Amino acid sequence: MEDLKYNEGERLAADYIEGILLPTPTCDLWDQIWNFQAKPDDLLVSTYPKAGTTWTQEIVDLIQNEGNVDHSQRAPTHERFPFIELIIPPLINGLEQANNMPSPRTLKTHLPIQLLPPSFLEKNCKIIYVARNAKDNMVSYYHFQRMNRTLPHPGTWEEYFETFMTGKVCWGSWYDHVKGWWKAKDQHNILYLFYEDMKKNPKHEIKKLANFIGKDLDDKTLDKIVYHTAFDVMKKNPMANYTSMPTEIMNHSVSPFMRKGTTGDWKNHFTVAQNEIFDEDYKKKMADTNLTFQF
Ligand code: A3P
């Protein structure tokens, strides 16, 4: 496995695993990732990239420690929650981090359901899946790929529009991802949430999360969690805003990780023509599911 060399403009390469594009170092360790041994008390936060993972992780952490904000400051997000398939040599190895972490563990993945290490489902682990509407998700991913050098360069917005719709992005097609997990939710221990609901009524969604995790929190604690996980507060929290990542990985001066945190920013990016093309294609790709989104 080669170490990441950062010449100006250089990016990590990406390869395919069963038709899903993933950063090359993840592909290199794929057998180990696939054979990851989950434990029954593991909690997994699963999302398509940019669907609100970090937000959910912060909420989950505060639920688990009953609103103890100091405790949630113990380490940056990527250290508190191993991202099992994230391998950035020599800086990050999510697999090793997960294996070295004492239980109970809360882990993160972006894998589509068919690539999820089977032991998570075999051990009946609790899984939280968060989905975000495709248009905002696309816009967020575009800006993230601009600032994150472990992902391919997104090209122009026009180019990226195509790349995203055809699923040629890391972790694969948004459409297949959200549909695959949606289908799995009835057979497994999966709580399926939506970014848009979390925005609209955070307290309600936080309560749902607390119930799922098995924590009965009083109203005051719930309000505290709502406050500390609001976008403007998290944006200023160095343990939750990814500013602790080396700039060779994430360059916040290109686009901050905590970018806008809203629903509907796609309207500032999509042209009228793009919106028509998108909607047409969306109808076809989502015809075989009862899963619906708020745009
Ligand atoms: P935008 O790029 O639209 O601003 P992930 O954590 O899965 O990478 O998702 C990142 C997206 O979630 C970014 O979206 C980010 O701003 C948004 N986000 C992060 N924390 C948030 C919060 N507390 N409330 C709302 N959105 C948040």
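Structure: above.
Residues numbered from 1 in each chain as written. Predicted model: local features only at pLDDT ≥ 70, side-chain atom pairs only at ≥ 80, totals over all residues. Heavy atoms only, no water.

Trainee: Is there a simple way to think about the environment of Pro117 in this case?
Mentor: In this structure, Pro117 sits in the loop between strand S6 (106–109) and helix H7 (119–122). A residue is classified by how much of its surface remains accessible, and Pro117, at 0% relative accessible area, is buried. Considered as a pair, Pro117 and Thr263 are 146 residues apart in the sequence and their alpha carbons are 32 Å apart. Setting aside chain neighbours within four positions, we find Pro117 in contact with Ile33, Trp34, Phe36, Ile84 and Leu111. (Helix = DSSP H or I, 4+ residues; strand = E, 2+ residues; numbered from the N terminus. Buried < 20%, exposed > 50% of the residue type's maximum accessible area, 1.4 Å probe, protein only. Contact = heavy atoms within 4.5 Å.)

Trainee: Even after reading the chapter, I still don't get the packing of helix H10 (residues 174–184) against helix H15 (residues 272–285), so can you show me in this structure?
Mentor: How two helices sit against one another is set out by the angle between their axes and by the gap between those axes. Viewed as axis vectors pointing N to C, H10 and H15 meet at an angle of 35°, and their least axial separation amounts to 11 Å. Considering only the axes of H10 and H15, their crossing is right-handed. Of H15, the residues touching H10 (which contributes Trp174, Tyr175 and Lys179) are Phe278, Asp281, Tyr282 and Lys285. Its residues placed into classes, the contact of H10 with H15 shows four nonpolar, no polar and three charged. (Axes fitted to C-alpha atoms, helices over the stretch in contact; angles between N-to-C directions. Left-handed = near helix turned anticlockwise from the far one by under 90°. Nonpolar A, V, L, I, M, F, W, Y, C, P; charged D, E, K, R; others polar.)

Trainee: Help me understand the layout of surface pockets, please; the structure alone is not making it clear to me.
Mentor: Leftover empty space is mapped by rolling, across the atoms, a probe with the size of a water molecule. Of the volumes computed, that of the largest pocket is approximately 680 Å³. Taken together, 44 residues make up the lining of the largest pocket; nearest its centre are Lys50, Gly52, Thr53, Thr54 and Phe257. For the lining of the largest pocket, a count of residues per class yields 25 nonpolar, 13 polar and six charged. Of the volumes computed, that of the second largest pocket is approximately 340 Å³. Lining the second largest pocket are 16 residues, and of these Asp41, Gln64, Pro104, Arg105 and Thr106 lie nearest its centre. (1 Å grid on protein atoms, 1.4 Å probe; cavity = no way out; pocket = protein on both sides within 12 Å on 5 of 7 lines; lining within 4 Å. Points joined across faces, edges and corners; volume = space filled by probe spheres on them.)

Purely geometric numbers; function is a separate question.
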